[in-house]
Amino acid sequence: MKKITIPKILIYVFLIIMAVIYLAPLFWVFNVSFKTNAEIFTAPFALPKAPTFENFAFAWTAGKLGIATLNSFIVCIITLALSMVIGSMAAFGIARMRWKLAKLSLTYFLIGMMIPVHCVLIPLFTRFAKVGLTNSLVGLILPYLTFALPITIFIMVGFFESMPNELIESACIDGATIYEIFFKVCLPLGKTGLFVTGLMTFIANWNELLLAMVFISDDMKKTLPVSLSKFVGPYNTNYSQMFAAIIIAIIPTIVVYCAFSNQIVDGLTAGAVKG
Amino acid sequence: MDKLLRNKKAICVFMAPAFILFTFVLFIPICQSVYYSFCDYNALTPPKFIGLENYKTLLSDTTLIIAIKNSIFFLIFSCVTQLIMGLFLAALLTNIDKGRNLFKNIIYLPCVLSSAALGLLWMFIFSPKLGINQLLAKLGIEGPLWLMDTNGYIILPMWVIAFVALWQYVGQSMMLYMAQISGISKSLYEASYIDGCNKVKSFRYITLPLIRPMVATAMSLNAIGSLKFFDLIFNMTEGGPNHKTEVLATHLYQQGFKYFKYGYASAIGVLLLVLCLIVTAFINKVVKTEQYEM
């Protein structure tokens, strides 16, 4: 039986206070989103008297959050899939293929981690406007994909480098082509790495606001953070609808997080330790 | 096998997609951005080279000065508080067994949520008639105008936003420190206890020196993150009241996409990039030391 000491109790008290600070705002929004607008002011902290889903329905349809959620899903899923394929291909090329510029090209990609997206906003916008890529989801996917590549390449290079040489050798003896070795031997073995980077990419793009706001002005093409920021603003006076909109925007990531928190943490630490 | 791995064509196939994307969507635009920053360029006219004119305007732009002040405030505030809070939480969490994952996951949760949504959430919490002020009214206190007060050198809204940023992102620093601390061998601590160290001392003389490389990493992440800071401010105050809470990123957005001064906004972008590089180099030089054997 372990001894319960005073410092231990203090630690737990402190952590519980922290947990309250973290969860209280989320619960508050969740609670209010089921109330009527008048109730927010008459009984701000009580549970809703007659929970209503109307706020959600209104935000989903009239607030155009429904279509925005769909757009966000399309953009994130396509970016996710492409970044996995393209990123791991490049990572394999760097980690396993034998050529002189492998190290240098890794550096080239890693520089991308330091570049803030703000710096390329204007040239990208003016160029995309010329070729008709603004107001299109493709125009969002391209930069999202590009900014997802450095971290994907970085993590996957680590994975491919740690794979035993014998693996490739034996596949080689069996007469596999280099593409078969990559797609049938190495890629399946790196799937934990892929999963982690995929999660990071998905979350980052799901939450991205600046690029989406600049590139998309058509309501039917907007992604979730943009539609949300537009719907929730100083000119809207129905608070409970706005709160419902906030809940709609954060629920998907909360679900993903609850399901995969361990992998997300792995990805974070792997991505940060870039030496 | 060697021949297979030196196959030039295969290397090209593997590298080309990533390389092309990177070059066209990242590398060339950065060069263009630098060029535009020397140009008179807006939505109506094509870029025209004007030399250092935009950078001269930067110096006399009062909003920009406020934006730099605010950005630097964020930078220092987030580096210092995240270091202290992150380390403190990591130290506490690595010392308990029951509920460690639960608390860790709760504190990390906001990091994965949309900062646009969280910004709006906190905007309501600190709005004049809702949230905190409702709570204070119950206690008979009239709460301040959290996001509109403009008194003082660093105005109240900036502290509020900085607090929200700390709330949202401290989980990240905590996670990084925790990963590093749990990598330290237990035998080092046992040896120190035999030598008469208590927990605090062993933290000071074993943990701290051994996690220094991670401090550098976490700090540079914080620093770059706080310079790039956009979503929270945009949704909490939109730079107001009267541009008092503007930071570099919001100012760039305003100039570029509200007033369509592409050239001038590019100059702000270049300034941001240079600041990012300087700060990262500085932190890595000052904080980073050689890796110890763990």
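Analysis parameters
- Residues numbered from 1 in each chain as written.
- Chains lettered and ligands numbered in written order.
- Predicted model: local features only at pLDDT ≥ 70, side-chain atom pairs only at ≥ 80, totals over all residues.
- Helix = DSSP H or I, 4+ residues; strand = E, 2+ residues; numbered from the N terminus.
- Rg over C-alpha atoms; globule rule 2.2 N^0.38 Å.
- Buried ≥ 20, exposed ≤ 12 C-beta atoms within 10 Å, placed from the backbone.
- Contact = placed C-beta atoms within 7 Å.
- pLDDT = per-residue confidence, 0-100.
- Axes fitted to C-alpha atoms, helices over the stretch in contact; angles between N-to-C directions.
- Left-handed = near helix turned anticlockwise from the far one by under 90°.
- Nonpolar A, V, L, I, M, F, W, Y, C, P; charged D, E, K, R; others polar.

Helices and strands together make up the secondary structure of chain A, namely 13 helices and zero strands. Along its sequence from the N terminus, chain A presents helices and strands in the succession α-α-α-α-α-α-α-α-α-α-α-α-α. For 275 residues, the compact-globule estimate of 2.2 N^0.38 gives 19 Å, and chain A exceeds it by more than 25% at 23 Å. Principal axes of the C-alpha set define a box for chain A whose edges measure 75 × 70 × 35 Å. Considering chain A as a whole, with its 275 residues, one finds that 47% of them fall into the buried category. Considering only contacts within chain A whose residues lie at least 6 apart along the sequence, 79% involve residues at least 24 apart.

On to the overall build of chain B. If you tally the helices and strands in chain B, you get 14 helices and two strands. Across its three principal axes, chain B shows a C-alpha extent of roughly 80 × 75 × 30 Å. Scored against the burial criterion, the 294 residues of chain B give a buried share of 44%. When contacts within chain B are restricted to residue pairs at least 6 apart in sequence, those whose partners lie at least 24 apart make up 69%.

Moving on, we come to the confidence of the model for chain B. Averaged over every residue, the pLDDT of chain B is 87; the share at 70 or more is 97%. Two summary scores accompany this predicted model of the complex, namely pTM at 0.88 and ipTM at 0.87.

Taken together, the contact pairs 66 residues of chain A with 64 residues of chain B. Of the residues forming the side of chain A that touches chain B, the biggest block, 11 residues, is contributed by helix 13 (residues 239-272) of chain A.

It is worth spelling out the packing of helix 4 (residues 62-94) of chain B against helix 11 (residues 212-228) of chain B at this point. Residue and element names in this part refer to chain B. Close contact between helix 4 and helix 11 brings their axes to 9 Å; oriented N to C, the two are set at 145°. The two elements helix 4 and helix 11 cross, and the hand of that crossing is right-handed. Residues Ser71, Phe74, Leu75, Ser78, Cys79, Gln82, Leu83 and Gly86 of helix 4 form the contact with helix 11, whose participating residues are Val215, Ala218, Met219, Asn222, Ala223, Ser226 and Leu227. Taken together, the residues that form the contact of helix 4 with helix 11 break down as nine nonpolar, six polar and no charged.

Turning to unusual backbone geometry, a few remarks are in order. Positive phi, normally seen in glycine, also occurs at A:Lys64, with a value near 60°. With respect to the element layout, A:Lys64 can be found in the loop between helix 3 (54-61) and helix 4 (65-95). Phi is positive for B:Asn242, which is not a glycine, with a value near 55°. Within the secondary structure, B:Asn242 is located in the loop between helix 12 (231-236) and helix 13 (248-257).

This paragraph deals with helix 9 (residues 186-194) of chain B. Of all nine residues in helix 9 of chain B, zero are buried, a share of ten percent or less. Positive backbone phi, at 95°, marks B:Gly196, one or two positions downstream of helix 9 of chain B.

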